Protein chains: 4
Amino acid sequence: MTDSNPKQTIRILTTGGTIEKSYCEEDGTLRNRASIIRDGLIASLRLPYTHLELDSVLNKDSLEMDDGDRQQIADAVARTAEKGDPIVILHGTDTMSNSADFCFETLGTPPVAVVFTGAMKPMGFIDSDARQNVTEALLAARLLPPGFYIAFHNRVFAIPGARKNRETGTFEAIPAGE
Amino acid sequence: MTDSNPKQTIRILTTGGTIEKSYCEEDGTLRNRASIIRDGLIASLRLPYTHLELDSVLNKDSLEMDDGDRQQIADAVARTAEKGDPIVILHGTDTMSNSADFCFETLGTPPVAVVFTGAMKPMGFIDSDARQNVTEALLAARLLPPGFYIAFHNRVFAIPGARKNRETGTFEAIPAGE
Amino acid sequence: MTDSNPKQTIRILTTGGTIEKSYCEEDGTLRNRASIIRDGLIASLRLPYTHLELDSVLNKDSLEMDDGDRQQIADAVARTAEKGDPIVILHGTDTMSNSADFCFETLGTPPVAVVFTGAMKPMGFIDSDARQNVTEALLAARLLPPGFYIAFHNRVFAIPGARKNRETGTFEAIPAGE
Amino acid sequence: MTDSNPKQTIRILTTGGTIEKSYCEEDGTLRNRASIIRDGLIASLRLPYTHLELDSVLNKDSLEMDDGDRQQIADAVARTAEKGDPIVILHGTDTMSNSADFCFETLGTPPVAVVFTGAMKPMGFIDSDARQNVTEALLAARLLPPGFYIAFHNRVFAIPGARKNRETGTFEAIPAGE
């Protein structure tokens, strides 16, 4: 007999970026701290039929990532995807589409849905978009077929095909021919 | 030439329920007030490529709904679906699956995705699940093929096939044979 | 040698009222629950040099209190004031000034500052005034000389002399001659 | 006949500091922006019998202030105090006590209560102490006799006599003889 209400495992890989930044009261700076994802963000969502596994791959501002870093992300995706569960990757928005494109070029279509997301404003802020974007990425990871995606601000983009629009502070589809 | 980044219209039908309840300071009660959806909930989400249309169908605690009320909801769905945009229905959780089943039995498969959602805790509370559930319903409405669904707590249920579990305070799939 | 930075003990007596109401997801009602004060409100304030002692005297909507209840509050004040620390009393707003007047008439001027406060909106709401009012009452309890007071919405009222204004949803001073 | 419930004017002088920092989504930095005080902080408090006047004196991280800046603050205090209303000064915590001491040395006891406050965490953060400290400063400004003070974390310090404790992230009284 089948369990009609099994828990779905989703594997979250963290790489740094705005979404993980937290405020350091000693020196007044914003620093990346992966623990904020578990204690702040995940704890605030209701996930009765979801089991989350968090793994920290990198802890970098995405503007500082190079291809060596992207190879580490691709390696982590390949290794994690073998377990058969959908994957959510938390990543800085500035080069998120570069890393997603790199993973696609390196790995081709993965065996599970791999959804990148992040935030324009760190999750500790009252008006952060982190909780919205992670909520969307977790649902997209459950619903979508294997492939690379970006989920952001109520849209899902297939990869390749998306880029950040710095003026509007969101992602957009790349028009044909560009 | 195609616009690669058009705005997607999503039509929200409100019917009352916990999600719309707001606190009345004069008499200390919780009352349904549809305006809280627009001013509180929608305003807190980032939806740069989404256009929302709100329409109030009913304003009832879902425990008090009868088949006449459900017929009104089904009529509103039929009328709204003609416009071709996905639909999100905000509904009390206690009889949400009854209304969704009623719509399916009355209308069959609709021409667009119709996603029911609601909340266990009114949206004015700090730890309400309203924002999470609406975020999920809006994304599911964009991603899913035509049909009736319930989106709740990081799960999407095809209708018929779901029911509320009062003990755990969430929805669950109905096992085969029940 | 004196400790220049001793902890100040403030004793909080809870009696019920809007400020303590919390939402019950099972039946959709608001119920009084004293524990919400410690876990929600007090935990959100920074009080490095303050030691709080909480004691529950009553758990009632203040519209339902009678003189027997008020005598219990006065007895608790008399007993607690003997310890020599300032007191904050959390109370429903509807009859807060009645209970404060009753305490003054029964006990006269107490040996410590006794500050009543409460909230128009339960503390679990995003826009509750509970945190503001408790912050004010805790500071007033430290600063003011022995006596009964109400602290509310950036004002402190000496007792007797204050009443609730139901139209404006706040307290006000009673003009001379009324 | 006297109005028993007049509005009390409190004059707020802003000088920059952590409390005013807001997040810039374009470059991911925290910047001082005085408008956040009016739109974010003040709007979230209930002040039915208080009239606030905001005036921006400086917009600096308090670690970068020199005696020329402090003279500007003292000049603004002297000018503003002539109007007869209590004053709240929002200031970075790192050198707040230096500026308060400077004002006292320059101006002596002022004709009104002048209360400095600030925050360890910018007010846009969910767990910021800005709202608590400003609530306390506004009440202290109403209750205290003319003089310079710091209000912070449920304590009021007379000036001179206070200093920041960097280890504990709060203010403390300076013991006699130090």
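Residues numbered from 1 in each chain as written. Chains lettered and ligands numbered in written order. Predicted model: local features only at pLDDT ≥ 70, side-chain atom pairs only at ≥ 80, totals over all residues. Heavy atoms only, no water.

Mind showing me how you'd approach helix H2 (residues 67-81) of chain B here?
Since one α-helical turn is 3.6 residues long, residues separated by three or four positions face the same way. Residue and element names in this part refer to chain B. Taking 1.5 Å of rise per residue, the 15 residues of H2 would be expected to cover 21 Å, and the 20 Å separating its terminal C-alpha atoms lies within 8% of that figure. Among the residues of H2, Asp69, Arg70, Ile73, Ala74, Ala76, Val77, Thr80 and Ala81 are the ones counted as buried. What you see down the axis of H2 is that its buried residues fit within an arc of 160°, all on one side. Exposed residues on H2 whose side chains face more than 90 degrees from its buried face are Asp67 and Arg79. Those residues of H2 that are buried lie in contact with strand S1 (8-14), strand S5 (87-90), helix H3 (96-107), strand S6 (113-117) and strand S7 (147-152). (Helix = DSSP H or I, 4+ residues; strand = E, 2+ residues; numbered from the N terminus. Expected span 1.5 Å × (residues − 1). Buried < 20%, exposed > 50% of the residue type's maximum accessible area, 1.4 Å probe, protein only. Arc of directions from axis to C-beta. Contact = heavy atoms within 4.5 Å.)

Where do I start with the relation of the copies chain C and chain D in this structure?
Both copies of the chain are related by a screw-like operation: a rotation about an axis and a shift along it. Rotating chain C by 180° and moving it 0.0 Å along the rotation axis overlays it on chain D with an RMSD of 0.0 Å. Taken together, the rotation and translation relating the two chain copies correspond to the operation of a two-fold axis. It is Glu136 of chain C whose C-alpha, among those of chain C, lies nearest the rotation axis, at 3.1 Å. In this assembly, 100% of the residues forming the interface of chain C have copies in chain D that are likewise at the interface, indicating an isologous arrangement. (Least-squares fit on C-alpha atoms with pLDDT ≥ 70 in both.)

Whenever I open this one, the UniProt feature "active site" (unreviewed entry) in chain A confuses me. Can you help?
Residue and element names in this part refer to chain A. Under the local residue numbering, the UniProt record ascribes the feature "active site" (unreviewed entry) to Thr18. Relative to the helices and strands, Thr18 is located in the loop between strand S1 (8-14) and strand S2 (21-24). With a relative accessible area of 13%, Thr18 lands in the buried category. (UniProt positions renumbered as here; feature names shortened; annotations may be inferred.)

How should I be thinking about the packing of aromatic side chains in this particular structure?
The geometry of an aromatic ring pair is captured by two quantities: the separation of the ring centres and the angle between the planes. Within this structure, the stated rule accounts for 10 aromatic pairs over all chains. Cluster of aromatic residues (ring-pair linked, three or more members): Tyr23 and Phe125 of chain A together with Tyr23 and Phe125 of chain D. The cationic tip of Lys121 of chain B hangs over the ring face of Phe125 of chain B; the distance from NZ or CZ to the ring centre is 5.5 Å. The ring of Tyr49 of chain A has Arg155 of chain B lying over it, and the distance from NZ or CZ to the ring centre is 4.6 Å. (Phe/Tyr/Trp six-rings, centres within 6.5 Å; stacked < 30°, edge-to-face > 60°. Lys NZ or Arg CZ within 6 Å of the ring centre and 35° of its normal.)

Honestly, the UniProt feature "binding site: substrate" (unreviewed entry) in chain A in this entry has me stumped. Any pointers?
All names here are of chain A. The residues that UniProt annotates with the feature "binding site: substrate" (unreviewed entry) are Ser62, Thr93 and Asp94. Judged by maximum C-alpha separation, these annotated positions cover 33 residues in sequence but sit close together in space, the widest gap being only 7.1 Å. Mapped onto the elements, Ser62 comes out in the loop between strand S4 (50-56) and helix H2 (67-81). A relative accessible area of 2% means that Ser62 is categorised as buried. The contacts of Ser62, once residues within four sequence positions are left out, are Arg70, His91, Gly92, Thr93, Asp94 and Thr95. In this structure, Asp94 sits in the loop between strand S5 (87-90) and helix H3 (96-107). Sequence-distant contacts of Asp94, defined by excluding residues within four places in its chain, comprise Ser62, Leu63, Lys164 and Arg166.

What's the story with the pattern of salt bridges in this structure? I'm lost.
A pair can form between side chains of opposite charge whenever their charged atoms are brought close. Taken as a whole and assessed by the stated rule, the structure comprises 36 salt bridges over all chains. Asp85 of chain C is the partner of Arg11 of chain C in a salt bridge, and the nearest nitrogen-oxygen pair spans 2.9 Å. Highlighted residues: Arg11 of chain C in strand S1 (residues 8-14) and Asp85 of chain C in the loop between helix H2 (67-81) and strand S5 (87-90), separated in sequence by 74 residues. Take Arg11 of chain C and Asp85 of chain C: they sit in the same class, and that class is buried. With its nearest N and O atoms 2.9 Å apart, the salt bridge here joins Arg163 of chain C to Glu172 of chain C. Each member of the salt-bridge network shares a partner with another, and the members are Asp94, Lys164 and Arg166 of chain A. (Salt bridge = Lys/Arg side-chain N within 4 Å of Asp/Glu carboxyl O.)

How should I be thinking about the packing of H2 of chain A against H3 of chain A in this particular structure?
Think of two packed helices as two axes; the pair is described by the angle between the axes and how far apart they sit. Residue and element names in this part refer to chain A. One way to put it is that H2 packs onto H3 with a least axis distance of 9 Å and a crossing angle of 60°. Classified by the angle their axes make, H2 and H3 are oblique. In terms of crossing hand, the pair formed by H2 and H3 is right-handed. Contact with H2, carried on its side by Asp67, Arg70, Gln71, Ile73, Ala74, Val77 and Ala78, involves Asn98, Ser99, Phe102, Cys103, Thr106 and Leu107 of H3 and no other residues of that element. Class assignment of the residues belonging to the contact of H2 with H3 gives a composition of 7 nonpolar, 4 polar and 2 charged. (Axes fitted to C-alpha atoms, helices over the stretch in contact; angles between N-to-C directions. Parallel < 35°, antiparallel > 145°, perpendicular 65-115°, else oblique. Left-handed = near helix turned anticlockwise from the far one by under 90°. Nonpolar A, V, L, I, M, F, W, Y, C, P; charged D, E, K, R; others polar.)

Is there a simple way to think about the sheet that holds strand S4 (residues 50-56) of chain D in this case?
Two modes of strand pairing occur in sheets, parallel and antiparallel, and in both the strands are linked by backbone hydrogen bonds. All names here are of chain D. Taken in spatial order, the 6 strands make up an open sheet running S4-S1-S5-S6-S7-S8, and their pairing is mixed. The sheet is open, and its two borders are formed by S4 and strand S8 (155-158), each paired with just one other strand. Taking the axes of each pair of neighbouring strands and ignoring which way they run, one obtains an average angle of 25° across the sheet. The pairing of strand S5 (residues 87-90) with strand S6 (residues 113-117) spans 4 bridges and is parallel. Bridged to Val88 within S6 is Val115. Running over the sheet, helix H3 (residues 96-107) touches S6 and strand S7 (147-152) and is turned about 170° from S7. (Pairing = 2+ DSSP bridges.)

What am I meant to see in the pairing of S8 of chain D here?
When a strand is regular, its side chains alternate between the sheet's two faces. Residues and elements named next belong to chain D. Only one face of S8 is buried, namely the one carrying Arg155 and Phe157, since none of Val156 and Ala158 on the opposite face is buried. In terms of strand pairing, S7 meets S8 through 4 bridges, oriented antiparallel. Across the sheet, the residue bridging to Phe152 is Arg155, located in S8. Counted along the chain from S7 to the antiparallel partner S8, the turn is 2 residues long, and its residue His153 has a positive phi close to 50°.

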